[in-house]
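Descriptive analysis of the structure
Listed below are the residues making up each chain.
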Amino acid sequence: MAPAIPAIEFRNLEVRAPQGRVILDGVSLESAEGTVTAILGRSGSGKTTLLRTVNRMIEPTSGEILVHGQPVHSADLIALRRGMGYVIQETGLFPHFTVERNAGLVLEAQGRPRQERARRSRELLAAVGLDPDTFRRRYPHQLSGGQRQRVGLARALAADPAILLMDEPFGALDPLTRAEMQDMLRDLLGRLHKTVLLVTHDLDEALYLGDRIVLLSEGRLIADLPREAFLSSREPQVIEYIRAFHRGERDDPLRAPSFSRSVRKRWETTNPNPGGEEGSR
Amino acid sequence: MNAFLNQYGGQIGTLTVEHLWLTGAAMLFATAIAVPVGVWLTRSPRWARPVIGISNVLQTIPSLAMFGFLLPLPWLGERAARIAIAALTAYALLPILRNTYAGICGIDPAVIEVARALGLTGRQRLFKVELPLAASFILAGLRTATVTCVGIATIAAAVGAGGLGELIFRGVASVDNRLVMAGAVPAALLALLADGALGLLERRFKVPA
């Protein structure tokens, strides 16, 4: 079988800051259709920059990004961006729009009729776990952090984009809300078949949501592994990263008491046969 | 008092309308200039300092001198009302310009980022996001400008542009305080009225954080 065209492909990507500092240094990476790639790394490792090159919020100094085989630099900017959902930690909901209008924003930008937008908003709000009748007329300042993030996700999904870019979407939430959101997202992605790039520095989140896990350090790609292989990687920087999360553990962190109990439980229930569920390649 | 009102009531009315017209026209021009320029400055921030600086300097010119400067200019100098409107426009620029710029710059960067990332065009971003979110700021600038200009417009009478200043100047010349008051009180009321009305509008556009 001929190899499928990856949904997103980075080819030898380099990004330099105007002062010449290297932010991304020769990153090559492929993300298969319908998979979740979790991008891990400490602050300043270039993971957000990598994400933002896909929808051309940042233009690379050299190298190429292909989306479904087409280079993004020659794509129509507006169409490219409308074809991708974008979710960030700060949500960036429009404070002067109701929840319904926020959720239907991309459709509004596309000039779709009002009824269609309203219908789609209802659908989306329900999909992200918000009762449309309760929430559609509210304004962002009347929502909790988790609810805002749900609206942000609904907005990103409005035009049914094939690709979802998520930059630490749950980074600002308390652990319980975060776990709820992760469950909701996992459930949603299981049904929607999106290609997702998920930037996070939370190893548990990466393991829970990612099919592949990528580790960046100082702008370089350190590891690009299936979820199951990540924890057993012998790459020193991967080991260092895992250790930082599960301090004091020398052996398999999945068995270690400090490994987030809720995640371990979910991991075990959703992976009865570890290794058998691997995403791609 | 009654006799005074009988004698001057009609004049006060006409001059008030004239005053309103001078100020209103100036506000329209100033808004039409300052809002687009303010938006442009948010796109080219390196121009912000010099441009706001220039409008700041305009603001410092004493009003009587400003009317004097404009007097010899061709076309403008031909009609007193033109001079008055041009001068008032110049004074109104700074508050509107500064508030438009600050209002847009003050929008949560995450909101602007998402607007770009979700594929809003530049025009959609401006009209759906930036201007609505900066509206209360812009209106606050317009309010400051209006109140200032209602006051300054009284001096336009010095170049013969009419308005309530005419009564004040006449009163001063004839040492008749009633005439001074007949010009000053309606001018003050106009300023308060404009302040109140625009203040209401400003609150209406305030976006809860």
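Residues numbered from 1 in each chain as written. Chains lettered and ligands numbered in written order. Predicted model: local features only at pLDDT ≥ 70, side-chain atom pairs only at ≥ 80, totals over all residues.

Quick word on the overall build of chain A
Within chain A one finds twelve helices and ten strands. Taken across its 281 residues, chain A has 44% of its residues classed as buried. In chain A, 67% of the contacts between residues at least 6 apart in sequence involve partners at least 24 apart. (Helix = DSSP H or I, 4+ residues; strand = E, 2+ residues; numbered from the N terminus. Buried ≥ 20, exposed ≤ 12 C-beta atoms within 10 Å, placed from the backbone. Contact = placed C-beta atoms within 7 Å.)

Some points on the overall build of chain B
In terms of regular secondary structure, chain B is built from eight helices and zero strands. Listing every helix and strand of chain B by position from the N terminus yields α-α-α-α-α-α-α-α. Sorting the 209 residues of chain B into buried and exposed places 41% on the buried side. A separation threshold of at least 6 residues defines the contact pool for chain B, and within that pool the share at least 24 residues apart is 75%.

A closer look at the sheet that holds strand 6 (residues 84-88) of chain A
Remark on secondary structure: sheet strands pair via backbone hydrogen bonds, oriented parallel or antiparallel. Residues and elements named next belong to chain A. A sheet is described by the order of its strands in space; here six strands give the open sequence 6-7-8-3-9-10, paired in mixed fashion. The sheet terminates laterally at strand 6 and strand 10 (220-226), the two strands that pair on one side only. Neighbouring strand axes in the sheet, compared pairwise and without regard to direction, differ in orientation by 15° on average. Where strand 6 and strand 7 (residues 163-167) come together, five bridges link them in parallel fashion. Note on strand 7: the bridge partner recorded for Gly-85 is Leu-164. (Pairing = 2+ DSSP bridges. Axes fitted to C-alpha atoms, helices over the stretch in contact; angles between N-to-C directions.)

A look at helix 7 (residues 165-173) of chain B
Regarding helix 7 of chain B, the residues found buried are Gly165(B), Glu166(B), Leu167(B) and Ile168(B). Positive phi shows up at Val175(B), right after helix 7 of chain B, with a value of about 45°.

A word on the sheet that holds strand 4 (residues 62-67) of chain A
Residues and elements named next belong to chain A. Pairing in this open sheet of four strands is antiparallel, and the strands run 2-1-4-5 from one edge to the other. With one partner strand each, in any of the chains shown, strand 2 (22-31) and strand 5 (70-71) form the two edges of the open sheet. Both strand 1 (residues 8-16) and strand 4 contribute to a ladder of five bridges, which runs antiparallel. Counterpart to Ile-8 in the pairing with strand 4 is Val-67.

Points about the interface of chain A and chain B
Taken together, the contact pairs 18 residues of chain A with 17 residues of chain B. Broken down by secondary-structure element, the contributors of at least two residues to the side of chain A that touches chain B are helix 2 (77-82), strand 6 and helix 4 (105-109) of chain A. Here the residues of the side of chain A that touches chain B sort into ten nonpolar, five polar and three charged. (Nonpolar A, V, L, I, M, F, W, Y, C, P; charged D, E, K, R; others polar.)

Overview of helix 8 (residues 177-204) of chain B
Residues and elements named next belong to chain B. Compared with the 40 Å implied by 1.5 Å per residue over 28 residues, the 40 Å span of helix 8 between its first and last C-alpha is a close match. Considered for burial, the residues of helix 8 that qualify are Leu-179, Ala-182, Gly-183, Ala-187, Leu-190, Ala-194 and Leu-198. Where helix 8 is buried, its residues touch helix 1 (2-43), helix 6 (122-152) and helix 7. (Expected span 1.5 Å × (residues − 1).)

Observations concerning unusual backbone geometry
All names here are of chain A. Positive phi, close to 55°, is recorded for His-193, a residue that is not glycine. Turning to its location among the elements, His-193 is positioned in the loop between helix 8 (175-192) and strand 8 (195-199). Judged by C-beta crowding, with 10 C-beta atoms within 10 Å, His-193 ranks as exposed.

Here we look at the environment of Arg143(B)
Residue and element names in this part refer to chain B. Topologically, Arg-143 is positioned in helix 6. Residue Arg-143 is classed as buried on the basis of its C-beta count, with 21 C-beta atoms lying within 10 Å. When near neighbours in sequence (up to four residues on either side) are disregarded, Arg-143 contacts Asp-195, Leu-198, Gly-199 and Glu-202.

Notes on the pairing of strand 2 of chain A
Residues and elements named next belong to chain A. In this structure, strand 1 lies alongside strand 2, joined through seven bridges in antiparallel fashion. Each bridged residue has a counterpart across the sheet, and for Val-15 the counterpart in strand 2 is Leu-24. Connecting strand 1 to the antiparallel partner strand 2 that follows it, the hairpin turn spans five residues, and Gly-20 within it adopts a positive phi of roughly 100°.

Topic: the packing of helix 6 of chain B against helix 8 of chain B
Residue and element names in this part refer to chain B. Taken N-terminus to C-terminus, the directions of helix 6 and helix 8 make an angle of 180°; their axes are 9 Å apart at the nearest point. If you check the angle between helix 6 and helix 8, you find them roughly antiparallel. Contact residues: Ser-136, Leu-139, Ala-140, Leu-142, Arg-143, Thr-146, Val-147, Val-150 and Gly-151 in helix 6; Ala-187, Leu-190, Ala-191, Ala-194, Asp-195, Leu-198, Gly-199, Leu-201 and Glu-202 in helix 8. Taken together, the residues of the contact of helix 6 with helix 8 break down into eleven nonpolar, four polar and three charged. (Parallel < 35°, antiparallel > 145°, perpendicular 65-115°, else oblique.)

Topic: the nonpolar core
In this structure, Ile39(A), Leu197(A), Ala84(B), Leu88(B), Ala92(B), Ile96(B) and Cys149(B) are the most contacted members of the largest nonpolar core, which totals 129 residues. The element that contributes the greatest number of residues to this core is helix 4 (residues 80-105) of chain B, accounting for 15 residues. Here Ala84(B) is in contact with Leu22(B), Ala153(B), Ala156(B), Val159(B) and Ala161(B), once residues within four sequence places are set aside. (Core = buried A, V, L, I, M, F, W, Y, C linked by C-beta atoms within 7 Å.)

A few points about the confidence of the model for chain B
Of the residues in chain B, 100% have a pLDDT of 70 or more, and the chain-wide mean is 93. In the predicted complex, the global pTM is 0.84; the interface-specific ipTM is 0.83. (pLDDT = per-residue confidence, 0-100.)

Some points on the environment of His73(A)
Residue and element names in this part refer to chain A. Within the fold, His-73 resides in the loop between strand 5 and helix 2. Overall, His-73 belongs to the partly exposed group, with 14 C-beta atoms counted inside 10 Å. Separated by 20 residues in the primary sequence, His-73 and Thr-53 have C-alpha atoms spaced 9.6 Å apart.

Focus on the confidence of the model for chain A
Regions with low pLDDT should not have their predicted coordinates read in detail. In this model, chain A carries an average pLDDT of 87, and 86% of its residues clear a pLDDT of 70 or more. Between residues 273-281 of chain A, whose pLDDT stays under 50, and residues either more than four places distant or in other chains, the model counts 14 contacts.

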